[in-house]
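# Observations on the three-dimensional arrangement
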Amino acid sequence: MTEPSERGLAEAERVELTVDAVAPGGHCVARVDGQVVFVRHALPGERVIAEVTEVHRGFVRADAVTVLDPSPDRVEPPCPYAKPGACGGCDLQHVAPDAQLAWKTAVVREQLVRLGGLTDVELDRLDVRVQALPGGLLGWRSRVRYAVDAADRAGLLKHRSHEVVPIDRCRIAHPAIQQLPVLTPTGARWSAAEAVETVASTGGDVTVTEIRAGVPAPVSGPAEVREVAAGRDWTLPASAFWQVHPAAASTLSTAVLDLLDPQPGEIAWDLYGGAGLFAAGLAERVGATGRVTLVEAAGQGVAAARENLADLPAVEVVSARVETALARRRITGPVDVVVLDPPRSGAGAPVVRALAAAGPRAIAYVACDPAAFARDVRTFAGLGWRLAALRGFDLFPMTQHVEQVGLLLPPTA
Ligand SMILES: C[S@@+](CC[C@H](N)C(=O)[O-])C[C@H]1O[C@@H](n2cnc3c(N)ncnc32)[C@H](O)[C@@H]1O
């Protein structure tokens with residue numbers, strides 16, 4: 001049972017409105033008699049009829065179901081399931097490619113102003129612009145989570161729901177995944193297929209199975225994937241962390257090394273290091289007289305890093321939580337350069353404070369959540385550090401997600 005909002009907008013009610021700016025989360029903001037409405041399937045400036053999907057205290061969510069006055073940036077979604085009430089996997093299928101980049105740039109800027117304390121002038125100076133990766137907007141996703149419900153319907157989940165939307169194939173999925181039949185509950189049809197790995201989990205009545213491109217068939221036991229990135233071959237457990245877009249790992253590695261410019265003989269930390277993507281590049285740059293310490297908490301990440309970086313004697317892999325490793329001084333300065341690539345929640349104030357105290361000459365912060373990144377930038381700023389450069393990358397076309405690499409410099413720099 002949903003409660004009516006203050007104005008009385010109720011679930012399923014339709015309201016005509018003018019769409020305002022983009023907001024984090026894949027929707028735009030609108031106001032109806034002062035009431036905030038977060039509208040999906042819309043674009044800034046459009047006049048639409050929106051249907052209320054959720055009512056909350058202080059705001060409602062809605063889908064644009066009829067577009068009365070379309071934006072010039074509106075396109076026909078290439079996927080037939082990307083529409084109100086259907087698949088929740090993509091947020092921006094109705095948005096032209098360049099406008100998707102502008103959308104993400106606007107979100108990055110807005111978060112850095114609102115949560116990061118930066119000014120528009122500073123952001124103009126940083127020239128924040130989200131860039132596309134090679135390969136286009138479709139066929140990039142190397143992991144897809146298909147779901148099957150109790151009625152045996154297979155597909156993807158509806159937006160903010162556990163309801164399964166049956167689909168034939170996911171257009172943003174990697175071709176190796178698109179060529180497969182959509183899953184069966186037993187996964188039986190996959191066993192003979194190429195390029196799959198299944199990681200099953202159950203949420204309520206819905207079974208979710210992750211399919212990973214790049215696994216040689218037949219799959220038996222814990223599957224491994226091979227990747228090529230940053231000029232190296234990688235072998236990883238299929239369920240270990242690795243960037244989802246095929247061009248992402250090399251793009252990020254190049255950006256990090258470019259911004260940090262590690263020098264021979266320097267000491268580097270790769271925090272939240274996963275299988276060692278950044279540590280590998282750092283080790284090459286600091287050379288035999290330098291040192292790289294990778295810190296990773298997940299067992300399979302640690303094992304993958306030890307295996308994949310075995311040829312790099314400058315690298316030490318520390319199995320620990322970053323917070324603990326810093327607080328208990330399992331890693332201590334001096335350190336010259338740091339790569340910080342935390343999960344969506346960000347590094348957090350204790351880690352930021354410990355890093356500032358360690359005194360590196362530069363930190364490259366790789367961030368997948370603009371809000372968490374902006375909060376950490378604010379903490380750095382409180383310690384006298386500044387965001388000296390920022391690059392944005394569209395590692396997740398058609399979705400609301402965006403990746404950033406920021407260069408943070410200490411007060412003396
Ligand atoms: C965004 S991924 C980055 C991995 C790696 N840098 C890469 O680019 O492939 C974040 C990594 O942090 C690890 N992680 C999450 N929380 C952690 C923590 N508190 N301490 C150390 N590692 C953590 C995850 O297991 C994951 O490997």
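Keep in mind the model is a prediction, meaning the values are calculated, not measured.

## Let's talk about the environment of G392
- Looking at where G392 falls in the secondary structure, it is placed in strand β19 (residues 386–394).
- Distance in space between the C-alpha atoms of G392 and W103 is 12 Å, their sequence separation being 289 residues.
- Every residue in contact with G392, bar those within four places of it in the chain, is listed here: R129, V130, Q131, E403 and Q404.

## Observations concerning the pairing of strand β4 (residues 47–56)
- Note that strand β1 (residues 14–23) and β4 share five bridges and pair antiparallel. Looking at the pairing, R14 lines up with E51 of β4.
- Examined bridge by bridge, β4 and strand β5 (residues 59–69) share nine bridges and lie antiparallel to one another. The residue of β5 that forms the bridge with V55 is V60.

## Examining the UniProt feature "active site" (unreviewed entry) in the chain
- Here, the residues flagged by UniProt with the feature "active site" (unreviewed entry) are C368.
- Within the element layout of this structure, C368 appears in the loop between β18 (362–367) and α9 (370–382).
- Apart from residues no more than four positions distant in its own chain, C368 is found in contact with R344, V402 and E403.

## Observations regarding the side chain of R143
- By the element assignment, R143 lies in strand β7 (residues 143–148).
- Among the polar contacts listed, one links the side chain of R143 to the backbone oxygen of A240, at a separation of 2.6 Å.
- Setting aside its immediate chain neighbours within four residues, R143 contacts I177, E210, I211, R212, A238, S239, A240, F241, W242 and V244.

## Quick word on the site of the ligand
- Taken together, 16 residues sit near the ligand, with Y272, E296, V322, E323 and D341 positioned nearest.
- One of the backbone nitrogen or oxygen atoms of V322 is found 2.9 Å away from a nitrogen atom of the ligand.
- Surface burial for the ligand is 87%, taken as the share of its 590 Å² of free accessible area covered by protein chains.
- Of the residues assigned to the shell around the ligand, the class counts are 10 nonpolar, two polar and four charged.

## Regarding the packing of aromatic side chains
- Scanning the entire structure with this criterion turns up five aromatic pairs.
- The interplanar angle of 65 degrees and the centroid separation of 5.5 Å between the aromatic rings of F38 and F59 together place this pair among those described as edge-to-face. Of this pair, F38 sits in strand β3 (residues 35–40) while F59 is found in strand β5, placing the two residues 21 residues apart along the sequence.
- Looking at F59, the relative accessible area reads 22%, which means it is partly exposed.
- Ring centres of F380 and W385 lie 5.5 Å apart, and the angle between their planes is 50 degrees; this geometry places the pair in the tilted category.
- In this structure W385 comes out as buried when scored by relative accessible area, which is 5%.
- Note that R232 overlies the ring of W234, its terminal NZ or CZ placed 5.8 Å from the centroid.

## So, the sheet that holds strand β2 (residues 27–32)
- Strands sit in the order β1-β2-β3-β5-β4 around a closed barrel of five strands; the barrel is mixed. Each neighbouring strand pair of the sheet contributes to a mean axis angle of 50 degrees, computed without reference to strand direction.
- For β3 and β5, the ladder comprises five bridges, and the chain directions are parallel. The partner of V39 across the bridge, within β5, is A62.
- Of the strands in this sheet, β1 and β2 are in contact with helix α1 (residues 97–114), which crosses β1 at around 70 degrees.

## Considering the sheet that holds strand β20 (residues 403–409)
- One open sheet accounts for eight strands, arranged β6-β19-β20-β18-β17-β14-β15-β16; its pairing is mixed. A strand with exactly one partner marks an edge of an open sheet, and here the two such strands are β6 (130–132) and β16 (315–319). Going from strand to strand, the sheet's axes swing by 15 degrees on average, the running direction of each strand aside.
- In terms of strand pairing, strand β14 (residues 267–271) meets strand β15 (residues 291–296) through five bridges, oriented parallel.

## Description of the side chain of D91
- Here D91 shows up in the loop between β5 and α1.
- Among the residues examined, D91 registers a relative accessible area of 7% and is labelled buried.
- A distance of 2.7 Å separates a polar atom in the side chain of D91 from the backbone nitrogen of Q400.
- When residues no more than four places from it in sequence are discounted, the contact partners of D91 are G25, G26, R40, M398, T399 and Q400.

## Things to note about the domain arrangement of the chain
- By the assigned domains, the chain splits into domain 1 (1–74), domain 2 (143–224) and domain 3 (226–235 + 243–409).
- The gap between the C-alpha centroids of domain 1 and domain 3 is 38 Å.

## Examining helix α6 (residues 299–308)
- Of all the residues in α6, the buried ones are G301, V302, A304, A305 and N308. Projected down its long axis, α6 shows its buried positions confined to an angular sector of 165 degrees, all on one face. Turned more than 90 degrees away from the buried face of α6 sit G299 and E307, all of them exposed.
- Its buried side turned inward, α6 meets β13 (232–237), β15 and β16.

## With respect to the confidence of the model for the chain
- Looking at the chain, pLDDT values average 90 and 90% of them are 70 or higher.
- Between residues 188–196, whose pLDDT stays under 50, and residues either more than four places distant or in other chains, the model counts 30 contacts.

What counts as what
Residues numbered from 1 in each chain as written. Predicted model: local features only at pLDDT ≥ 70, side-chain atom pairs only at ≥ 80, totals over all residues. Heavy atoms only, no water. Helix = DSSP H or I, 4+ residues; strand = E, 2+ residues; numbered from the N terminus. Contact = heavy atoms within 4.5 Å. Pairing = 2+ DSSP bridges. UniProt positions renumbered as here; feature names shortened; annotations may be inferred. Polar contact = N/O pair within 3.5 Å; in protein donor to acceptor, adjacent residues only side chain to side chain. Near = heavy atom within 4 Å. Areas by Shrake-Rupley, 256 points an atom, 1.4 Å probe, with all protein chains shown as cover. Nonpolar A, V, L, I, M, F, W, Y, C, P; charged D, E, K, R; others polar. Phe/Tyr/Trp six-rings, centres within 6.5 Å; stacked < 30°, edge-to-face > 60°. Buried < 20%, exposed > 50% of the residue type's maximum accessible area, 1.4 Å probe, protein only. Lys NZ or Arg CZ within 6 Å of the ring centre and 35° of its normal. Axes fitted to C-alpha atoms, helices over the stretch in contact; angles between N-to-C directions. Domains from an automatic or database assignment. Arc of directions from axis to C-beta. pLDDT = per-residue confidence, 0-100.

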